[in-house]
Every structure is written in C-alpha cells, then in structure tokens.
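Listed below are the residues making up each chain.
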Amino acid sequence: QITTVSGNEFLLQSDIEFLIVDWFRAIKNAIDRLPKERSCASRNLEFKLRRSSSIELLNSLDTESKEPKPEHRKSLIFRLNYSASDTNDRNRVKSRLKKFISRRPSLKTLQEKGLIKDQIFGSHLHLVCEHEKSTVPQFVRLCIKAVEKRGLDVDGIYRVSGNLATIQKLRFVVNQEEKLNLDDSQWEDIHVVTGALKMFFRELPEPLFPYCFFEQFVEAIKIQDNATRIKSIRTLVKKLPRPNYDTMKILFEHLKKIAAKESVNLMSTQSLGIVFGPTLLRPEKETGNMAVHMLYQNQIVELMLSEYSKIFGSEED
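Small disclaimer: the values here were computed from a predicted structure and weren't measured.

The rules behind the values
- Residues numbered from 1 in each chain as written.
- Predicted model: local features only at pLDDT ≥ 70, side-chain atom pairs only at ≥ 80, totals over all residues.
- Heavy atoms only, no water.
- Phe/Tyr/Trp six-rings, centres within 6.5 Å; stacked < 30°, edge-to-face > 60°.
- Helix = DSSP H or I, 4+ residues; strand = E, 2+ residues; numbered from the N terminus.
- Buried < 20%, exposed > 50% of the residue type's maximum accessible area, 1.4 Å probe, protein only.
- Arc of directions from axis to C-beta.
- Contact = heavy atoms within 4.5 Å.
- Axes fitted to C-alpha atoms, helices over the stretch in contact; angles between N-to-C directions.
- Parallel < 35°, antiparallel > 145°, perpendicular 65-115°, else oblique.
- Left-handed = near helix turned anticlockwise from the far one by under 90°.
- Nonpolar A, V, L, I, M, F, W, Y, C, P; charged D, E, K, R; others polar.
- pLDDT = per-residue confidence, 0-100.
- Expected span 1.5 Å × (residues − 1).
- Core = buried A, V, L, I, M, F, W, Y, C linked by side-chain atoms within 4.5 Å.

### Topic: the packing of aromatic side chains
- Within the structure shown, the criterion is met by eleven aromatic pairs.
- Summarising the aromatic geometry, the rings of Phe121 and Phe200 are spaced 5.9 Å apart at their centres and angled 85 degrees between planes, so their arrangement reads as edge-to-face. Pair noted here: Phe121 is in the loop between helix H4 (107-112) and helix H5 (125-132) and Phe200 is in helix H8 (residues 190-202), with a separation of 79 residues, a long-range link.
- By relative accessible area, Phe121 is classed as buried at 3%.
- Their ring planes at 45 degrees and their centres at 5.9 Å tell us that Tyr245 and Phe312 sit as a pair that is tilted.

Below is the structure:
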C-alpha cells in the first residue's frame, strides 16, 4: 500500500511473492532517485504484503511513462507500510464470517416465514408429496401428460437432450411458481420437458429407488430363473414407501407407452433402461466396479418395463 503526502493511495496485490518483491525494489529505486533533500523519505520506507487472487490497482502509477514535474517531485514522498503476513487480517475475517453464519436463520425458519418457498427440484420426494398433499409430484404428472400428448412419436424421446439453458429456466419456474403450463410456446421443444423430468429425478437427494433397496434390487436381478426374478422384484417394489411406489408406477406405465411406439421413436425397453437406469437407482456410496453397477441398473429398469403388468399389477393378475 502506497500513500503520497498529497493523499493519493495505491494498492497493488498479487499472490506471487517474488513479483511483490520486484514491485518493492522498483518503488524503492524510484524514491532513491528523488532529490537528496527528499531522500529522507526512504528511511521511513515500510512494505506491506497483502495476498489476493488477483492484481488490483486502486490508482495507476505512471512513473515510467511520464517524468514528474519538478514541483511534483518535491512532494512525491512515499510511505510504504510493511508487514510479513496478513494472518491477523484473515483471522478477523474468518471470525466475522463465523459469527455471521451462526446468526443466519435456518432454511426451515425461512420457509416457515414464507421468505423461501419450498423447492421442487432437489427436495426429498416425500417432502414434495407432503407439501402437495399427494403421492406423486404434480410436476411429474404434468411432464408425463405433455410427453404423451406430443412426444410419443418423437425420434429419440428421452434420449435426445434438450437445450440446457431452457431446461434450467423451466427448473427455475417450477421452483418459484405454483402453476405451470407446459403448453406454453417457450416449452414447445418436447426434449426440454423430458430433460427437465430426468433432471428432477437426478436431483432427488435420495433416488426413486431408495438407497436401502439398491443392493436388494441388484441381488434380485441376478437371479437366473425368470419367474423367481420377477417375483423378487415385485416383492421389493411392494415394500417401497407410498410416494416412491406411486411415482414409480405412473412413470413406468408412461415409459411402457414410449416403448410401445419403438417402431416410430426408436426407443426400446433396452434404450429406456440405459437412459433411466443410473437416474432412478444408484448406490449411496460407489464401491467396486461402476460399470457392473450400471449394467444391473439398466437391467432392472428394462425388466420392470418388460414385465410391468406382473410387477405392478394386483395379486390376482
């Protein structure tokens, strides 16, 4: 930090220590070149190191390009403040930040006061359903309705990506507003709707297939006998929490309709398994071979689509 007797202040900042030392030497040499009657200023020379992520100049020094006028040279006395580190400054900042954070109200408090609305994306499935007093999120129902209205015949539906910026815009609208009209022209690209629906499931803090069920589903899909495998998957599905079961049932019923149009949209049960496997179920902690896990994830979704009526149907079925 440089302060002149006329009150001008300059702050030069850098993370690179040798660069700071070069600045110091250059400024000291400039002072040493001043008339001898002013050279006493160099005896008061101090240097302060301030570390930051970038070089910042509050004012510019132009000593190289322009020679100061004689009257200016007489008043050009520098005072450089020096300190070996800025540890104390950092500690003060940390202390203030800790106090600020500790005084911040919790998310729950802000939501209770109505300052922050309940989010749809990124919230637990059961919380979304409790808030809406349903067992299937309204956003999921709206997306499925829109896709079945104008997307069943679209080539690569759910596989082709929509514009990410528009998907994020839709995500923001869903999180901020009560009503959503997916027939609005801004959502006319059906891949934006499918992209947002996949994003909703990806951002669930716990996937649609709860973590505690993951290994059980993997063990079930490994069963060689097909009838026994289907029965095991069905038993696990019936044990799911109500929001998970109801949402899963309506989603798989929808995906079954997509697969039924495979000749047009080119999306088979296998293709849908590849798309939705990692989105709907995953281990809480990745261990072992991720490629093997992904294979099982895909196979579980594919089997549940192929045998939808046996897995989600009534006992009599």
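### Notes on the environment of Lys145
- The topology assignment puts Lys145 in helix H6 (residues 138-150).
- The spatial distance from the C-alpha of Lys145 to the C-alpha of Leu182 is 9.3 Å, given a sequence separation of 37 residues.

### So, H5
- Among all positions of H5, only Leu125, Val128 and Cys129 are buried. Down the axis of H5, the buried side of the element spans an arc of 95 degrees, and every buried residue falls inside it.
- The elements touched by buried residues of H5 are H8 and helix H11 (242-260).
- Positive phi shows up at Lys133, right after H5, with a value of about 55 degrees.

### With respect to the packing of helix H9 (residues 211-221) against helix H10 (residues 226-238)
- The geometry of H9 relative to H10 is characterised by a closest axis approach of 8 Å and an angle of 165 degrees between their N-to-C directions. Between H9 and H10, the interaxial angle falls into the category roughly antiparallel. For the pair H9 and H10, the sense of crossing is left-handed. Across the interface between the two elements, Phe213, Gln216, Phe217, Ala220 and Ile221 of H9 pack against Arg229, Ser232, Ile233, Leu236 and Val237 of H10.
- Split by residue class, the contact of H9 with H10 holds seven nonpolar, two polar and one charged.

### Remarks on the confidence of the model for the chain
- Per-chain confidence: the chain averages 80 in pLDDT, with 72% of residues scoring 70 or above.
- Across residues 39-84, where pLDDT falls below 50, the model places 85 contacts with residues more than four positions away in sequence or in other chains.

### A look at H6
- With 13 residues, H6 extends 19 Å from end C-alpha to end C-alpha; this agrees with the ideal 18 Å at 1.5 Å per step.
- Taken together, the buried positions of H6 are occupied by Phe139, Val140, Cys143, Ile144, Ala146 and Val147. Within H6, the buried residues cover an arc of 165 degrees as seen down the axis, which keeps them to one side. Opposite the packed face of H6, turned more than 90 degrees from it, sit the exposed residues Lys145 and Lys149.
- The elements touched by buried residues of H6 are helix H7 (164-176), H8 and H11.

### Things to note about the side chain of His293
- Here His293 lies in helix H14 (residues 290-306).
- Beyond its immediate sequence surroundings of up to four residues, His293 is in contact with Phe214, Glu215, Pro283, Glu286 and Thr287.

### Regarding the nonpolar core
- Membership of the largest hydrophobic core comes to 66 residues, with the highest contact counts inside it found for Tyr158, Phe209, Phe252 and Met304.
- Residues contacting Tyr158, with those up to four places away along its chain left out, are Val147, Thr194, Leu197, Lys198, His254, Leu255, Ile258, Leu272, Val275 and Phe276.
- The next biggest cluster of nonpolar side chains, apart from the first, holds five residues, and it includes Ile2, Phe10, Ile27 and Ile31.

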